[in-house]
Amino acid sequence: IFTAVPRAPPVAVFKLTADFREDGDARKVNLGVGAYRTDEGQPWVLPVVKKVEQMIANDNSLNHEYLPILGLPEFRANASRIALGDDSPAIKENRIGSVQSLGGTGALRIGAEFLRRWYNGNNNTATPVYISAPSWENHNSVFVDAGFKDIRTYHYWDAAKRGLDLQGLLDDMEKAPEFSIFILHACAHNPTGTDPTPDQWKQIAAVMKRRFLFPFFDSAYQGFASGSLDKDAWAVRYFVSEGFELFCAQSFSKNFGLYNERVGNLTVVGKDADNVQRVLSQMEKIVRTTWSNPPSQGARIVATTLTSPQLFAEWKDNVKTMADRVLLMRSELRSRLESLGTPGTWNHITEQIGMFSFTGLNPKQVEYMIKEKHIYLMASGRINMCGLTTKNLDYVAKSIHEAVTK
Ligand code: PMP
């Protein structure tokens, strides 16, 4: 009965890691992985997470009963609070709600499913969904799988100037049909590492408001862009202060290093409390048939951390450790390329923010890096700065130089 099933293509980033593992060359470097690594190239369990895990293990009041369908209440409330800010007008006016989700992906998927069912007409699969060009490749797939039929891209990356194509983006918003959905990266845009400035966000918000466009923020790297949680949430908070109704999908995979615990949160900001409660009641139905109720360990870790001033301070410190290492690798790579005299400009390496850098290497150069140098990176030229270490920097810089000059 399964003989006619075609083989689906592998997921690029996981395939890259599998190829890396199989590579026997001692010089090999993995710049494709979507996770933090220490200067020893190892995964990092945040010290605050280790501490809270022990507290949880020793807490005899906890058990493994099901959580509510919408998740752990103190996790949901506090996750939304760090996205929207302590003094968010929407929180004060009691017009926000949230759903604990399986990672940021789960938040996007529940949000997408809800929008297809209830936004802009019931089961309206024709509402255009706009995704930045380029974007995290799963955005497209999530909205396709949720049933949306008209997925479009909006201008974002200007390859020639290696920066944001603000005019292209604004033009696309001007031309988009009213009520279109726009997926916006809250900070540390993946894969380009390029975010709008506050002034540019204001221009974006003004057009979106005038054109009745729906903002669906994806916040997967809060703390990674600037090292400050508040600064990295600026765009979301600005949109809320402008009176938008919006969704915000949060992932705690990166900023807590809880990749495999699947900790995410979908915040809904609505018009009033009643409105939001009705939305949540529908989301509850979606969750019930999707994962029924979420896992608790990651949510407990995050909730415990966010509700204790001392643990919260420790967490911010841990996030800063990760963000600072990324910054150091950026400046070290740039200075090496510049002293090698590698053709082109390399200021974008330090100007881009977050974990990733869009190097500007073309697919041929990427292939050379992989095949000849055993340095693994995405075909788009995206590298994860955390794959760099003080030990492999020289080799990577020289290899980029050779790829560009050969
Ligand atoms: N959005 C973006 C932009 C991401 O880069 C990622 C993770 N790669 C996610 C969402 C989803 O993260 P999670 O692993 O928490 O599902």
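For every chain, the first residue of the written sequence is number 1, and numbering continues from 1 along that sequence. Whole-chain, interface and lining totals are the exception, using all residues; otherwise, since this is a predicted model, local features are given only for residues with pLDDT of at least 70 and side-chain atom pairs are given and counted only at 80 or more. The side-chain quantities take in all heavy atoms of the structure and omit both hydrogens and water.

Moving on: the overall build of the protein chain. Helix and strand assignments come from DSSP, with helices taken as H or I runs of at least 4 residues and strands as E runs of at least 2, each series counted from the N terminus. Regarding its fold elements, the protein chain presents 16 helices and 13 strands. For the protein chain, whose C-alpha radius of gyration is 21 Å, the value lies close to the compact-globule estimate of 22 Å for 406 residues. Overall size of the protein chain, expressed as C-alpha extent along the three principal axes, is 65 × 55 × 55 Å. Per-residue burial for the protein chain yields a buried fraction of 54% across its 406 residues. Only heavy atoms matter for contacts: two residues are in contact if any of them lie within 4.5 Å across the pair. In the protein chain, the share of contacts with a sequence separation of at least 24, taken over all contacts with a separation of at least 6, comes to 76%. Here the positive residues are Lys and Arg and the negative ones are Asp and Glu; neither His nor the chain ends is included. Note that the charge is assigned to NZ on lysines, CZ on arginines, CG on aspartates and CD on glutamates. Distance between charge centres in the protein chain, computed from 46 positive and 44 negative side chains, equals 3 Å. The size measure is the radius of gyration over C-alpha atoms, and the globule rule it meets is 2.2 Å times the number of residues to the 0.38 power. Exposure categories follow from relative accessible area, calculated using a 1.4 Å probe and restricted to protein chains: below 20% of the type maximum is buried, above 50% is exposed, and the middle band is partly exposed.

Right, let's get into helix 6 (residues 138–145). Inspection of helix 6 places H139, V142 and F143 among the buried residues, and these make up the whole buried set. Buried positions in helix 6, seen along its axis, are confined to an arc of 90° and lie on one side of it. Residues of helix 6 that are buried make contact with helix 5 (103–118), strand 3 (129–133), strand 4 (151–155), strand 7 (181–185) and strand 8 (214–219). The directions from the helix axis to the C-beta atoms form the arc being described.

Below, the discussion takes up empty space enclosed by the protein. Each cavity reported here is a set of points on a 1 Å grid over the protein atoms alone in which a 1.4 Å probe fits but cannot get out, each pocket an open set with protein on both sides within 12 Å along at least five of seven lines, and each lining residue one with an atom within 4 Å of a point. Grid points are joined across faces, edges and corners, and a volume is the space filled by probe spheres set on the points. Here the structure, examined in full by the defined rule, presents two cavities of 30 Å³ or more. By volume, the largest cavity amounts to about 50 Å³. Forming the walls of the largest cavity are F224, A225, S226, G227, A323, V326, L327, R330 and G354. Partitioning the lining of the largest cavity into residue classes produces five nonpolar, three polar and one charged. Size it by volume and the second largest cavity reaches roughly 40 Å³. Side-chain classes follow a simple rule in which Ala, Val, Leu, Ile, Met, Phe, Trp, Tyr, Cys and Pro form the nonpolar group, Asp, Glu, Lys and Arg form the charged group, and the remainder, Gly included, forms the polar group.

Turning to the sheet that holds strand 3, a few remarks are in order. A pair of strands is treated as paired once DSSP finds two or more bridges between them. If you trace the seven strands from one edge of the open sheet to the other, you get 2-10-9-8-7-3-4, paired in mixed fashion. Bordering the open sheet on either side are strand 2 (96–101) and strand 4, each of which pairs with just one other strand. Each strand of the sheet is rotated relative to its neighbour by a mean of 25°, with strand direction disregarded. Inspection of the sheet shows strand 9 (residues 246–251) paired to strand 10 (residues 264–269) by six bridges, in the antiparallel sense. Following the sheet pairing, A249 is matched in strand 10 by L266. Simply put, an axis is a line fit to the C-alpha atoms, just over the touching stretch for a helix, and the angle between two N-to-C directions goes from 0 to 180 degrees. On top of the sheet, helix 5 reaches strand 2, strand 7, strand 8, strand 9 and strand 10; it is set at about 155° to strand 9, its chief contact. Relative to the sheet, helix 7 (residues 166–175) contacts strand 4 and strand 7, its axis offset from that of strand 4 by approximately 140°.

Before going further, it helps to examine the packing of helix 8 (residues 198–210) against helix 10 (residues 234–241). Relative orientation of the contacting elements helix 8 and helix 10 amounts to 40°, with a least axis distance of 10 Å. Considering the angle they form, helix 8 stands oblique to helix 10. Helix 10 is crossed by helix 8, and the crossing has right-handed handedness. Across from P198, W201, K202, I204, A205 and M208 in helix 8, the residues of helix 10 making contact are W234, A235, Y238 and F239. Tallied by class, residues from the contact of helix 8 with helix 10 come to nine nonpolar, no polar and one charged. Under this scheme an angle from 65 to 115 degrees is roughly perpendicular, one under 35 degrees roughly parallel, and one over 145 degrees roughly antiparallel; angles in between are oblique. In this scheme, a crossing is called left-handed if the near helix is turned counterclockwise away from the far one by less than a right angle; it is called right-handed if the turn is clockwise.

As a further point, take the site of the ligand. For this description, a residue counts as near a given molecule or strand if any of its non-hydrogen atoms is within 4 Å of it. Close contacts around the ligand come from G103, G104, T105, W136, N190, D218, A220, Y221, S251, S253, K254 and R262, and that covers them all. Whenever two N or O atoms come within 3.5 Å, that pair is a polar contact, provided that in protein one can donate a hydrogen and the other can accept it, and provided that, for residues adjacent in sequence, both atoms are side-chain atoms. G104 is positioned such that a nitrogen or oxygen atom in its backbone is 2.8 Å from an oxygen atom of the ligand. In the environment of the ligand, a nitrogen atom lies 2.5 Å from a nitrogen or oxygen atom belonging to the side chain of D218. In short, Shrake-Rupley with a 1.4 Å probe defines the accessible areas, and a residue's cover is counted only from the protein chains shown. For the ligand, whose accessible area on its own is 400 Å², the fraction buried by protein is 90%. In this scheme, a molecule is assigned to a cavity or pocket if more than half of its atoms are within 2 Å of the grid points. Because more than half of its atoms lie within 2 Å of the grid, the ligand is assigned to the largest pocket. Considering each element in turn, the shell around the ligand owes the most residues, three residues, to helix 5.

Salt bridge, as used here: a side-chain nitrogen of Lys or Arg that lies within 4 Å of a carboxyl oxygen of Asp or Glu. Counted under the stated rule, the structure contains 21 salt bridges. With its nearest N and O atoms 2.9 Å apart, the salt bridge here joins K15 to D19. Taken together, the positions of K15 and D19, both in helix 1 (residues 12–22) and four residues apart, correspond to about one turn of that helix. Owing to a relative accessible area of 40%, K15 belongs among the partly exposed residues under this scheme. Judged by relative accessible area, which is 27%, D19 ranks as partly exposed. One salt bridge in this structure joins K371 and E367, with 3.7 Å as the shortest N-O distance. Highlighted residues: K371 and E367, both in helix 15 (residues 363–373), separated by four residues, approximately one helical turn.

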